[in-house]
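The lines below spell out each chain.
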Amino acid sequence: MSDEGARAFAAAFKYLGVDAHPSPDGDERTYEIAGRFTSGDECLPERVTIGDFLKVTEQPGFDPAKTAFFMPTASGPCRFGQYSPFLSQVLRELGYDDILIVCPTSADGYSSLGEYSGPMMRLGWWGLIGSDAIRKMLHVYRPYETKRGAADEACERSLGIFCEALADPSVPIGAKKLSQLAGALETGRDLFRAIPVDFSRETRLIGIVGEIFCRLSTFSNEDLIRRLETFGVQAWLSDIGEWVWYTNVEQEKNLRLYGRGFSLEMLKVKIKKRVQHSHEERLLAPLRDEFIGLEEPHDIMEVLERSQPYLPYHGSLGEMVLSVGKAVYLYEKGADGIIDISPFTCMNGVICESIYPRVSRDCEGIPIRTFYFDGTQTDLENDLGIFMELVHNYSRRKTKRRARRRGSCRRAAAHSAA
Ligand code: SF4
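Computed from a predicted structure; not experimentally measured.

Trainee: Describe in detail unusual backbone geometry, supporting the description with residues and values.
Mentor: Even without being a glycine, glutamate 222 presents a positive backbone phi close to 55 degrees. For glutamate 222, a count of 16 C-beta atoms within 10 Å translates into the label partly exposed. Here threonine 345, not a glycine, exhibits a phi torsion of approximately 70 degrees, which is positive. Here threonine 345 shows up in the loop between strand S5 (337-343) and helix H14 (347-362).

This is how it looks when you write it as structure tokens:
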């Protein structure tokens with residue numbers, strides 16, 4: 001979950017009457033406390049989530065009988081499925097047997113959420129769309145701000161307005177709630193539009209792919225995007241929404257595999273997908289101009305088909321398929337380079353890294369570099385500097401040009417005239 005997504009999910013729970021909060025921000029204490037229970041073989045996201053959850057137990061007024069941790073799970077070959085059982089084990093060791101772990105999974109239709117599962121599916125989806133969009137606006141505006149901190153401030157305020165609307169129980173879940181949320185995003189958009197910017201600044205567009213948690217957690221990836229921006233970069237970070245689209249495709253694929261291609265379940269999946277699409281369009285309508293040239297694929301199949309020559313999605317599973325396919329998609333949209341953010345020893349990252357040289361060769365030699373994170377200090381600036389040299393070289397000879405947003409052209413022209 002991204003920082004923004006966690007806040008939106010907490011707001012969705014608040015709508016349902018649950019006093020929910022994102023886990024505390026990561027810091028040194030996160031690794032210190034996690035280090036007591038982990039051996040170093042675990043993935044970085046596991047250490048960060050365990051550490052941050054345990055920090056909750058240190059907060060003043062903490063009452064285990066009134067606490068539940070929200071930790072979704074999934075089946076599959078990677079270690080994510082172990083996070084939740086491991087958290088239970090650690091809590092048991094600490095004597096917190098009564099802390100409930102809410103552990104929804106797509107495999108059981110999120111039934112562990114009980115009566116909340118239906119409303120949470122909708123509120124959670126809207127929360128993800130909104131929080132993804134607000135973070136994307138931050139990445140669109142921050143490289144061009146002329147008043148330092150203005151874009152972060154606009155992001156913070158926009159997210160606050162959006163989460164307040166999401167948590168507002170006076171508006172029922174339905175068309176009215178969607179309009180309320182679209183209105184909140186429009187207000188957020190105007191906050192971004194009001195910040196002083198210089199869109200005539202030259203930037204390089206860098207696409208960011210990789211493991212979901214690490215690429216979205218600024219603490220885990222040492223705020224890589226902010227560091228990149230100091231090199232004159234505009235980042236295009238792959239959002240969480242793409243994972244939801246991907247799980248829909250997987251659901252359909254599995255139903256076909258088990259001979260249920262024409263079944264009520266399949267119909268439900270197709271209807272769900274249609275509804276999700278229409279809600280996404282409704283929510284993002286006010287932001288269309290902000291994302292010109294940065295359009296997400298209309299259908300996740302556009303990503304999966306681009307991955308096909310390297311990692312056929314019928315056989316390979318998970319983020320690696322999305323990262324490779326998205327790298328090709330970003331190249332076609334005119335990116336000047338691709339960065340894959342992955343936790344150290346992440347099997348998705350390792351597999352992708354072995355494939356990227358071929359992807360790069362097929363895409364005019366676009367620089368693609370994997371950055372691994374393990375929670376220890378690295379000489380990131382130096383590595384980013386070398387990567388940016390490659391980016392500048394590629395940028396001079398590339399044939400795929402990125403489309404520019406209309407607003408930026410107008411503002412850039414006005415700026416030049418001034
Ligand atoms: S995707 Fe990578 S980091 Fe995440 S749980 Fe799986 S192996 Fe670990």
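Trainee: Residues and numbers for the site of the ligand, please.
Mentor: What surrounds the ligand is the set Cys43, Pro45, Cys78, Arg79, Phe80, Glu211, Glu319, Pro343, Cys346, Met347 and Asn348. For the shell around the ligand, the class distribution of residues is 7 nonpolar, 1 polar and 3 charged.

Trainee: A description of the packing of helix H7 (residues 175-193) against helix H11 (residues 264-284) should follow, citing residues and the corresponding values.
Mentor: One can describe the packing of H7 onto H11 by two numbers: an axis separation of 8 Å at closest approach and a directional angle of 40 degrees. With respect to each other, H7 and H11 are oriented oblique. Here Leu178, Leu181, Ala182 and Leu185 of H7 lie close against H11, whose contacting residues are His279, Arg282 and Leu283. Of the residues belonging to the contact of H7 with H11, the class tally is 5 nonpolar, 1 polar and 1 charged.

Trainee: Can you lay out the domain arrangement of the protein chain for me, pointing to particular residues and giving the numbers?
Mentor: One frequently used descriptor of interface size is the decrease in accessible area upon assembly of the parts. One can read the domain layout of the protein chain as domain 1 (3-112) and domain 2 (202-239 + 300-418). Computed over C-alpha atoms, the centres of domain 1 and domain 2 are 29 Å apart. If you look at the interface, domain 1 gives 11 residues, while domain 2 gives 17 residues. Looking at the side of domain 1 that touches domain 2 element by element, the count peaks at 4 residues for helix H3 (residues 44-56). Tallied by class, the residues present in the side of domain 1 that touches domain 2 amount to 6 nonpolar, 2 polar and 3 charged.

Thresholds applied
- Residues numbered from 1 in each chain as written.
- Predicted model: local features only at pLDDT ≥ 70, side-chain atom pairs only at ≥ 80, totals over all residues.
- Buried ≥ 20, exposed ≤ 12 C-beta atoms within 10 Å, placed from the backbone.
- Helix = DSSP H or I, 4+ residues; strand = E, 2+ residues; numbered from the N terminus.
- Near = placed C-beta within 6 Å.
- Nonpolar A, V, L, I, M, F, W, Y, C, P; charged D, E, K, R; others polar.
- Axes fitted to C-alpha atoms, helices over the stretch in contact; angles between N-to-C directions.
- Parallel < 35°, antiparallel > 145°, perpendicular 65-115°, else oblique.
- Contact = placed C-beta atoms within 7 Å.
- Domains from an automatic or database assignment.

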